Structure formats: structure tokens, C-alpha cells
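Observations on chain architecture
If you want the building blocks of each chain, they are given just below.
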Amino acid sequence: MAVPKRKHSKARRDKRRSEVSKLTPPAFSHCDNCNELKVPHRVCQACGYYKGKEVLVLQD
């Protein structure tokens, strides 16, 4: 059975276990109508358009 030659430090262990380093940043795209940043495949919260069609009437 394999046995480690030296002890790994706590910092090295914690870096490996860290979930922060494994996260990916959220994806954003630009709205075709108003050019605001929005989440892909969702209605734009700024103008209410999705794929060039108004699907949400916003009260201003």
C-alpha cells in the first residue's frame, strides 16, 4: 500500500478542497433590443423583449 513520504500542509489540503476555485462565473449576453446585459435564454428585465418579441409589458 502506498504511504505518503511527507505530510501535506493544511494550506495545500485546503486549496484542494476549496469550492471557490471550482466555480465558474455566470454567463451574460447582451439584449438584442436594448443592448443591456441579461442572462441567456431569459426575458430582458430592462425592456421585456425575448428573441426580438415583446413578451413582458413593463410598467414605467
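See above for the structure.
This write-up is about the structure you can find in this document. Note that the coordinates shown come from a computational prediction; the quantities given were computed from them, not determined experimentally. (Residues numbered from 1 in each chain as written. Predicted model: local features only at pLDDT ≥ 70, side-chain atom pairs only at ≥ 80, totals over all residues. Heavy atoms only, no water.)

Quick notes on the environment of R42
Among the secondary structure elements, R42 is positioned in the loop between β2 (37-38) and β3 (49-50). As for R42 and C31, which are separated by 11 residues in sequence, their C-alpha atoms are 9.8 Å apart. (Helix = DSSP H or I, 4+ residues; strand = E, 2+ residues; numbered from the N terminus.)

Considering the pattern of salt bridges
Taken as a whole and assessed by the stated rule, the structure comprises two salt bridges. The residue D14 makes a salt bridge to R13 at a minimum N-O spacing of 3.0 Å. Taking relative accessible area as the criterion, D14 reaches 40% and is therefore assigned partly exposed. Under the relative-accessibility criterion, R13 is labelled partly exposed at 30%. The salt bridge partner of K22 is E19, with a shortest N-O separation of 3.9 Å. For E19, a relative accessible area of 52% puts it in the exposed group. (Salt bridge = Lys/Arg side-chain N within 4 Å of Asp/Glu carboxyl O. Buried < 20%, exposed > 50% of the residue type's maximum accessible area, 1.4 Å probe, protein only.)

Digging into a nonpolar patch on the surface
A cluster of nonpolar side chains, contributed by F28, L37 and V39, occupies part of the molecular surface with about 300 Å² of accessible area. Within the secondary structure, F28 sits in the loop between α1 (10-17) and β1 (29-30). (Patch = residues over 30% accessible without salt bridge, like charges linked within 9 Å, V, L, I, M, F, W, Y side chains within 5 Å. Areas by Shrake-Rupley, 256 points an atom, 1.4 Å probe, with all protein chains shown as cover.)

Regarding a positive patch on the surface
Judged by side-chain charge, R12, K15, R16 and R17 come together as a positively charged surface patch. Positionally, R16 belongs in helix α1. (Lys, Arg positive; Asp, Glu negative; His and termini not counted. Charge placed at Lys NZ, Arg CZ, Asp CG, Glu CD.)

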